[in-house]
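# Survey of secondary and tertiary structure
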Amino acid sequence: MCQKIIVSFSFIKTCGFNVTCLRLACCQFIQKESIDAIAATCSTLKELDLQSCTLSADGLSGLSKLSTLTSLNLYRTQVTVSVMQSIARANPGLLHLNLGACNKIAAFDDVMETIGENCKDLHSVDLWRARSFTSLGLILLAENCPNLVELDLGWINALHSGSRCFITLFENCKNLQKIFLTAIRSVNEKDMEAIANNCPNMQQVDILGTSKVSPSSVTKIAMSCKSLCLFDVSFCSQLTSEVVDDLQHQFPHVSFKRSFST
């Protein structure tokens, strides 16, 4: 392990000034010193992937010294609210951000407020299983980042359709192409109508697990979104196999995914 660390430091010190992309996913030898070296040397770094690295929040804090990031993947890391806020303030050019399964972020809404104030041109955000993310955070994101193209909200239990957070999202982010609402049980007809009425470029929709969406609203999306190619309706009780077969016949260019097996 020590040899790997030495090699990584040598590489960064020698080539860091020219590096624009670093993919270090699952590299357990990355430590605070590595991040500090990257921050001090890689002044033109644009893409950084640290997913599943076991660094502490303090170890990640050095990322706030970078200022040119456009893509940052912190999936399943120990990043905290304050650290992520500092990173967002320092990198207003962020386009792609992955904070999926970041369980140390105790107040995701605070993070979204800071991101909305500083990173207004975000294109894609992955918030899969963001436990502390609520409807308020989604509204803040939607109102401040209208250029979103892809958003993963899968398995976030604190999001509720009754707050109109999904409608706000689709009304503000009309360029959306991919939306993942996996296992959000409150997603309903009005949310689907908002997609059909506001997001003509939608390509992929995932509503796995909702019982509140009918065949008519799915049909409306398929008719309105001409680029739609994948629609996951698995475990949606109103969308039976017969209904899905009929939809597939009507819209052969769309792949309707349906499963009721575990």
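Our structure is the block above this text.
Now for a quick tour of the structure. (Residues numbered from 1 in each chain as written. Predicted model: local features only at pLDDT ≥ 70, side-chain atom pairs only at ≥ 80, totals over all residues. Heavy atoms only, no water.)

## Some points on the overall build of the protein
Test applied: Secondary structure elements are defined from DSSP: runs of H or I of at least 4 residues count as helices, runs of E of at least 2 residues count as strands, and each element is numbered from the N terminus. Each radius of gyration reported is based on C-alpha atoms, and the globular scaling rule is 2.2 Å times the count of residues to the power 0.38. In this scheme, a residue with accessible area under 20% of its type's maximum is buried, one over 50% is exposed, and one in between is partly exposed, where area comes from a 1.4 Å probe on protein chains only. In what follows, a contact means two residues having at least one pair of non-hydrogen atoms within 4.5 Å. Here the open area of atoms and residues is found with the Shrake-Rupley method and a 1.4 Å probe, where only the protein chains shown may cover a residue. Positive residues here are Lys and Arg, negative ones are Asp and Glu, while His and the chain termini are left out of the count. Each charge is placed at NZ for Lys, CZ for Arg, CG for Asp and CD for Glu.
Scanning the protein for helices and strands turns up 10 helices and 10 strands. Expected size for 262 residues packed as a compact globule is a radius of gyration near 18 Å; at 20 Å, the protein falls within 12% of this value. Seen along its three principal axes, the alpha-carbon backbone of the protein occupies a region of about 60 × 35 × 30 Å. For the protein, with 262 residues in total, the buried portion stands at 52%. Residue pairs at least 24 apart in sequence account for 73% of intrachain contacts in the protein once pairs closer than 6 positions are excluded. When the accessible area of the protein is evaluated, it comes to approximately 11600 Å², of which 52% is carbon and sulfur surface. One way to put it: in the protein the 22 positive side-chain charges average out to a point 4 Å from where the 23 negative ones average out.

## Thoughts on the environment of I167
Within the fold, I167 resides in helix α7 (residues 165-172). A relative accessible area of 9% places I167 in the buried class.

## Let's talk about helix α10 (residues 241-250)
Quick note on the threshold: To obtain the arc, one takes the directions from the helix axis to the C-beta atoms.
Turning to α10, its buried residues are V243, V244 and L247. Down the axis, α10 shows its buried residues gathered within 95° of arc, on one side only. Among the exposed residues of α10, those pointing more than 90 degrees away from its buried face are E242, D245 and H249. Contacts from the buried residues of α10 go to α9 (215-224) and β10 (255-257).

## A few points about the sheet that holds β10
Our working definition: Here, any two strands with at least 2 DSSP bridges between them count as paired. To define axes, lines are fitted to C-alpha atoms, for helices over the stretch in contact only, and angles between the resulting N-to-C directions are given on a 0 to 180 degree scale.
Taken together, 10 strands build an open sheet; the order of strands is β1-β2-β3-β4-β5-β6-β7-β8-β9-β10 and the sheet is parallel. One side of each edge strand has no neighbouring strand; the edge strands of this open sheet are β1 (21-23) and β10. Along the sheet, successive strands turn relative to each other by an average axial angle of 5°, direction set aside. Across three bridges, strand β5 (residues 124-126) lies against strand β6 (residues 150-152) in parallel orientation. Within β6, the residue paired with V125 across the bridge is L151.

## Overview of the packing of aromatic side chains
Rules: For Phe, Tyr and Trp, rings pair up if their centres lie within 6.5 Å, where Trp contributes its six-membered ring, and each pair is then called stacked (planes under 30 degrees apart), edge-to-face (over 60) or tilted (otherwise).
What the rule picks out here adds up to three aromatic pairs. An angle of 80° between the planes, with centres 6.4 Å apart, marks the rings of F108 and F133 as edge-to-face. Here F108 is found in helix α5 (residues 108-118), whereas its partner F133 is found in the loop between β5 and α6 (135-144), with 25 residues between them in sequence. Pair check on accessibility: F108 and F133 agree, each one buried. Look at F231 and F256: their rings are 6.1 Å apart centre to centre, the planes differ by 20°, and that puts the pair in the stacked class. Of the two residues, F231 is situated in strand β9 (residues 230-232) and F256 in strand β10; the sequence distance between them amounts to 25 residues. Given the relative accessible area of 0%, F231 is considered buried. Overall, F256 belongs to the buried group, its relative accessible area being 8%.

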